[in-house]
Each structure stands twice: as structure tokens, then as C-alpha cells.
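Close look at the chain arrangement
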Amino acid sequence: MTALAIDLDAVLGDTRPLYDAWLEDVSRRAKVDPERLGEELPNWRALLERFAEDRAPVYLRPNAQASAALRRLQAEGVRLGVFTDAPEELARIAVAQLGAARRIEALEAGPGALDRLLARLGPETRIVRAISELDS
């Protein structure tokens, strides 16, 4: 095995509750429709980043099993990449909060993230969608 593409939300830490909390907060404060963020709130990415930086420790906790597996895999020379459909700003903060930033080689976020990550890591990359698959 030369490379792993790891599903951030399924394996390392679920970003959805943090993103949902931000959507609720920004909808209430800015009185915008979450479906029209780009049109109604052009700086939504900066707002999401600030919100996530402040609240990531509440929503995302490092998993000892995942951290140990990433450390071992990196030491074995396995190329590690992480993908998520979450916005890039949220994904970066989540990976850092979960203690994986220094272990991974690549992070792809947003629509098409898995395809982009597989293109970067190569055709032999194994996709990991459960924490138990890190040890196999």
C-alpha cells in the first residue's frame, strides 16, 4: 500500500455538526438564506473560518486510535490524503484540530474532493471510509 485517501468526516472527525451550527448562526445574525450564501454574503468563507476557529475544540476531538494509526502509517512511508465535501476553510481547521495536519500530504475539500485527491495520490490509492480500515 502506497497511499490512502481518508474520509475526514467518517474517519477522523465529523465536520457536519460544526458546519450546521455555523449555518444556523450566520442565518440568524446576517438574516440570509443558507442556500444563497454566495449571493447574499460574499465573505461567507471568512466568516465560516472565524467561526470554526473559535468553536472547533467544542465540536472536534482527536481520536487516539486514528492518531496512532496515522502516525504509524506515516512512519511506514504511506502517503496520506484526506478528503471531505465540507468547505476548504472548515476542512483545514478540522484537520489541524484533530491533530492530523502534520501527518497528511494532501487535503481536498468541497465538491469533487475525492476525485481530485485520487488524481494527486495515484491510481493505487486505497479509499478509507471507516476508522477500522486504517489498521488493515
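We now turn to the structure provided with this report. (Residues numbered from 1 in each chain as written. Predicted model: local features only at pLDDT ≥ 70, side-chain atom pairs only at ≥ 80, totals over all residues. Heavy atoms only, no water.)

**Here we look at the nonpolar core**
Where we set the bar: Within this scheme, the nonpolar core is defined by two criteria: the residues are buried Ala, Val, Leu, Ile, Met, Phe, Trp, Tyr or Cys, and they are joined through side-chain atoms within 4.5 Å. Using a 1.4 Å probe on the protein chains alone, a residue whose accessible area is under 20% of its type maximum counts as buried, one over 50% counts as exposed, and one in between counts as partly exposed. For the purposes of this entry, the term helix denotes a DSSP run of H or I that reaches at least four residues, the term strand denotes a run of E that reaches at least two, and both are numbered from the N terminus. Residue contacts are defined here by distance: any two heavy atoms, one from each residue, within 4.5 Å place the two residues in contact.
Residues Ile-6, Leu-12, Trp-22, Leu-37 and Leu-134 are the most contacted members of the largest nonpolar core, which totals 39 residues. Contributions of two or more residues to this core are made by strand S1 (3–7), helix H1 (8–12), helix H2 (16–30), helix H4 (44–59), helix H5 (64–75), strand S2 (79–84) and helix H6 (88–97). Sort the elements by how many residues they give to this core and H2 lands first, with six residues. Once you skip the residues sitting within four places of it in the chain, Ile-6 turns out to touch Val-11, Leu-12, Leu-70, Leu-80, Gly-81, Val-82, Phe-83, Val-128 and Leu-134.

**A short note on the pattern of salt bridges**
Convention followed: Throughout this description, the term salt bridge denotes a Lys or Arg side-chain nitrogen within 4 Å of a carboxyl oxygen of Asp or Glu.
Tallied over the entire structure, the rule returns 14 salt bridges. Here Asp-20 ties to Arg-16 by a salt bridge, and the two come within 3.9 Å at their closest N and O atoms. Taken as a pair, Asp-20 and Arg-16 lie in helix H2 at a separation of four residues, close to a single helical turn. Assessed through its relative accessible area of 38%, Arg-16 is described here as partly exposed. The salt bridge involving Glu-76 is made with Arg-72; its shortest N-O contact spans 3.3 Å. When salt bridges that share partners are traced, they join Asp-25, Arg-28 and Arg-29 into one network.

**Considerations on the sheet that holds S2**
Short version of the rule: Two strands pair if DSSP finds at least two bridges between them. Inter-axis angles, ranging from 0 to 180 degrees, are taken between N-to-C directions of lines fitted to C-alpha atoms, where helices are fitted over the stretch in contact.
Pairing is parallel across the open sheet formed by four strands, whose spatial order is S3-S2-S1-S4. Looking at which strands have only one partner, the edges of the open sheet turn out to be strand S3 (106–109) and strand S4 (126–128). Strand-to-strand twist across the sheet, computed as the mean angle between neighbouring axes with direction ignored, equals 20°. Examined bridge by bridge, S2 and S3 share four bridges and lie parallel to one another.

**As for the pairing of S1**
Burial within S1 is extensive, with five of its five residues counted as buried. In the sheet, S1 pairs with S2 via five bridges, with the strands oriented parallel. The partner of Asp-7 across the bridge, within S2, is Phe-83. Of the pairings in the sheet, the one linking S1 to S4 comprises three bridges and is parallel in character. Note on S4: the bridge partner recorded for Ala-5 is Ile-127.

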